[in-house]
Amino acid sequence: MHPALSVIVFTTSSGAGYGLLAWLGVWAVAGWLPANRGLAAASLGLSLGAITVGLLSSTLHLGHPERAWRAFSQWRSSWLSREGVSSAATYVPALLFALGWLVIGSTSGIWALFGALSAVGAVATVVCTAFIYQSLKPIQRWSNGWVLPNYLALSAMTGVLWLIAVLSLFGMMDDYLILAAFLCIPLAGFLKVRYWRFIDRTASLSDAGTATGLGALGRVRLFEAPHTSENYLMKEMGFRIARKHAAKLRIIALVAAFFLPQLLTLTGLLIPEALLPLCAIAAAVIATIGVLIERWLFFAEAKHTVTLYYGAERA
Amino acid sequence: MTSLPAHPQAKRLGLVIDLDICVGCHACAVNCKQWNSGGVAAPLTDLEPYGADPLGVWFNRVHTFEVGEGEAGRTVHFPRSCLHCAEPACVTVCPTGASYKRAEDGIVLVNEDLCIGCKLCSWACPYGAREYDYDAGVMKKCTLCIDKIYNETLEEASRVPACVSTCPASARHFGDLGDPGSAVSQLMRERGGYDLMPELGYAPTNKYLPPRPRRTVAKDVGASAELAPAVPAGSGGFLAWVDRLLSG
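Attention in this report is confined to the structure presented alongside it. (Residues numbered from 1 in each chain as written. Chains lettered and ligands numbered in written order. Predicted model: local features only at pLDDT ≥ 70, side-chain atom pairs only at ≥ 80, totals over all residues. Heavy atoms only, no water.)

1. Side note on the sheet that holds strand β10 (residues 172-176) of chain B
Residues and elements named next belong to chain B.
And step 1. The strand order across the open sheet formed by 3 strands is β10-β1-β11, and the pairing between neighbours is mixed. Where the open sheet ends on each side, the last strands, each with one partner, are β10 and β11 (207-209). Within the sheet, the average angular offset between the axes of one strand and its neighbour, ignoring direction, is 25°.
And step 2. Examined bridge by bridge, strand β1 (residues 13-18) and β11 share 3 bridges and lie parallel to one another. For isoleucine 17, the partnering residue across the bridge sits in β11 and is tyrosine 208.
And step 3. Along the sheet, helix α6 (residues 183-191) makes contact with β1, β10 and β11, crossing β10 at roughly 120°. (Pairing = 2+ DSSP bridges. Helix = DSSP H or I, 4+ residues; strand = E, 2+ residues; numbered from the N terminus. Axes fitted to C-alpha atoms, helices over the stretch in contact; angles between N-to-C directions. Contact = heavy atoms within 4.5 Å.)

2. Brief notes about the packing of aromatic side chains
And step 1. Applying the stated rule across the entire model yields 26 aromatic pairs over all chains.
And step 2. Their ring planes at 50° and their centres at 5.8 Å tell us that A:Trp111 and A:Phe114 sit as a pair that is tilted. Taken together, the residues span about one helical turn, with A:Trp111 and A:Phe114 both in helix α4 (residues 110-134) at a distance of 3 residues.
And step 3. You can call A:Phe114 buried: its relative accessible area is 16%.
And step 4. Relative to A:Phe298, the ring of A:Tyr151 lies with its centre 5.5 Å away and its plane at 75°, an arrangement referred to as edge-to-face. Residue A:Tyr151 is found in helix α5 (residues 147-169), and its partner A:Phe298 is found in helix α10 (residues 276-300); the two are separated by 147 residues along the sequence.
And step 5. On the basis of relative accessible area, A:Tyr151 is assigned to the buried category, the value being 5%.
And step 6. The structure contains a cluster of three or more aromatic residues connected by ring pairs, namely A:Tyr133, A:Trp142, A:Tyr151, A:Tyr195, A:Phe298, A:Phe299 and B:Trp123.
And step 7. The ring centre of A:Trp79 lies 4.4 Å from the NZ or CZ of A:Arg82, which sits over that ring.
And step 8. The ring centre of A:Tyr309 lies 5.4 Å from the NZ or CZ of B:Arg80, which sits over that ring. (Phe/Tyr/Trp six-rings, centres within 6.5 Å; stacked < 30°, edge-to-face > 60°. Buried < 20%, exposed > 50% of the residue type's maximum accessible area, 1.4 Å probe, protein only. Lys NZ or Arg CZ within 6 Å of the ring centre and 35° of its normal.)

3. Notes on the environment of B:Val93
And step 1. Along the chain, B:Val93 falls in the loop between α2 (89-92) and β6 (99-101).
And step 2. On the basis of relative accessibility, which here comes to 10%, the residue B:Val93 falls in the buried class.
And step 3. In this view, B:Val93 contacts A:Ser78, A:Leu80, A:Leu136, B:Leu120, B:Cys121 and B:Ala124; residues no more than four positions away in its chain are not counted.

See below:
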């Protein structure tokens, strides 16, 4: 599938923003969120900023962005519509949570409840994003059970790393958050490796034989394409990535998204406290870059059944 | 509404395409382009039509495949267009309600005024039936020539999709596949019509008829297997004399 930059930025940025929002909500419920207005402005600003930038980016690939509001209407059948509704609805508790924390200076009672509702909205939106891809049967590399856990784990991982980075700037650190990072990073890494293992080892359900129905007569291969130049289908769904590049990019993604952030978080515990923000911010930035590469691969490595009509023997 | 019709009627209009007969002339694709360039889905934008890298919207594409090996190998021309599925995920994924399936005849259409151009429907279609119009910013697809098949100003014989009326080999048939007694349903039964990628569960309405078994012996048209001698043995006359002379 064509890796559209706007969609890669959207899923990575809003994924991190929703992850951060979810951690803030959970921490508010647990009563561990300091009633510090500066921290509120920085963390909620970063979270809602990343979410908003992501959502705006996602409208860039639309043919008619001015009609984007129509996408709220078909939540009964469409995961994309559900994602739109969920993302818009999450702003309501998130802004009330911000009102409590930033303006009133409280993260307990009713304001913690808004935090909890923000967390629920954040998780629901990431679930919708994952299901947009997981529900597409023509793309077997998306239509499998590894996609949802990957999206959730990567969102939780980037969210907790950004929260640690913000806290470190305020000279605050939370042992439980460090522990959460130490759990999230290997879990997300494990799920990503399992996803890659799955797509490498699983043969697609459809092949050129079933796509044409001629498989019973022998091996089916394209003799002549219908047109001499590329069409929309080939541009959008015929994207191919060289195997050797994919292998290298997977290693780069593994190092950047999981290995370095884990190492930097560990280093942060051992070095003087003044240097902690450096490590924490580096971990969050590098992890986000790693997830961007991972997301690029998620699209670039996905194969669509329409390629079976254009010379691919398997999709 | 992008939910599928709650009470679809029995009528399911669609095509039956005979892969045994198709000669791969692309007339169906060209006439489709011509009709729909002036129809409800118009324009079918072409970008750089005379340039080095033209890019255009077509609802019908004719691929040619090689099947089998060696002497058993054969060439099969394969026209590909929207199959107007009974379970069209292209419709249910649409976030705006632009894509819909008609309850009355099962035709899958796009309301271009509601389309935001997110392209998700084209990802959801396994068959590549939908093509995005980069110029108009909306998704376009086969309408089964809805502006032709119901057009009462046309004579009745012309009320079939453009691809069907133009096919010089009669490889394309149009009718109601929801009616077991219709000509297309009978043809499908007689010839073993099949679905494309049934494993994905889209339940396409359009059916394809497989190529007939290859003939391995010449058909007996009444001629004898050996040529009769030009001059029957034992005959006399001028021809027999020439025969004897030349044989000597």
